[in-house]
Amino acid sequence: MRANVYVEIQGSRLDPRFEAYLNDAPTAGAYAEPRFTKPIAEEVVAWTNRIAEGSDESPICEWSKEGYVLVFTPDSPFRPSAVVQPDDDGLYALGLGWAWQVEEVDQ
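Residues numbered from 1 in each chain as written. Predicted model: local features only at pLDDT ≥ 70, side-chain atom pairs only at ≥ 80, totals over all residues. Heavy atoms only, no water.

**Things to note about the environment of I60**
- Tracing the sequence through the fold places I60 in strand 4 (residues 60-63).
- Take I60: its relative accessible area is 40%, and that puts it in the partly exposed class.
- For the pair formed by I60 and A46, sequence separation is 14 residues and the distance between their alpha carbons is 9.2 Å.
- Apart from the residues lying within four places of it in its own chain, the contact partners of I60 are N49, A52, L70, V71 and F72. (Helix = DSSP H or I, 4+ residues; strand = E, 2+ residues; numbered from the N terminus. Buried < 20%, exposed > 50% of the residue type's maximum accessible area, 1.4 Å probe, protein only. Contact = heavy atoms within 4.5 Å.)

Here you go:
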């Protein structure tokens, strides 16, 4: 069952929170693996690219014409190291190696 949550980078109050979906609640000590709707995925991609401007270690993301997210890492700057397609629910799994912290959404 997926839970409607907000995620943000662990330990950072400077980065934005994003509405996300999880398949299961993360176990103690594990990071969340968030999935995002396309509009929120667009925000996550834009935010990730802003971070990458000031970091040699952050991934850079681009949208393909097919609607996939192409993830380029410092180890693979010219060929995508990952291609993220929407799942059967139309959600994008964009953990991108970040340590996501979960906050439940009050319904």
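**Some remarks on the packing of aromatic side chains**
- On inspection of all chains with the given rule, the structure shows three aromatic pairs.
- Both rings, one in F18 and one in F36, keep their centres 6.3 Å apart while their planes meet at 80 degrees; by these two values the pair is edge-to-face. In this pair, F18 is assigned in strand 2 (residues 18-22) and F36 in strand 3 (residues 35-36), connecting sequence segments 18 residues apart.
- Of the residues examined, F18 reaches a relative accessible area of 3% and is grouped as buried.
- Classification of F36 as buried rests on a relative accessible area of 0%.
- Aromatic pair W63 and Y92: ring centres 5.3 Å apart, planes at 80 degrees, arrangement edge-to-face. Here Y92 lies in strand 7 (residues 92-93) and W63 lies in strand 4, a separation of 29 residues in the sequence.
- Residue Y92 is classed as buried on the basis of its relative accessible area of 4%. (Phe/Tyr/Trp six-rings, centres within 6.5 Å; stacked < 30°, edge-to-face > 60°.)

**Focus on helix 1 (residues 38-53)**
- Taking 1.5 Å per residue as the helical rise, helix 1 with its 16 residues ought to reach 22 Å, and the 23 Å between its terminal C-alpha atoms agrees with that figure.
- Listed as buried for helix 1 are I40, A41, V44, V45, W47, T48 and A52. Buried residues of helix 1 fall within an arc of 170 degrees about the axis and therefore sit on the same side. Opposite the buried face of helix 1, by more than 90 degrees, sit the exposed residues P39, R50 and E53. (Expected span 1.5 Å × (residues − 1). Arc of directions from axis to C-beta.)

**What to know about the nonpolar core**
- Among the nonpolar cores identified, the biggest contains 20 residues, and F18, F36, V44, V69, L94, L96 and W100 are the most heavily contacted of them.
- Among the elements of the structure, strand 2, helix 1 and strand 5 (69-72) are those that each provide at least two residues to this core.
- The element that contributes the greatest number of residues to this core is helix 1, accounting for five residues. (Core = buried A, V, L, I, M, F, W, Y, C linked by side-chain atoms within 4.5 Å.)

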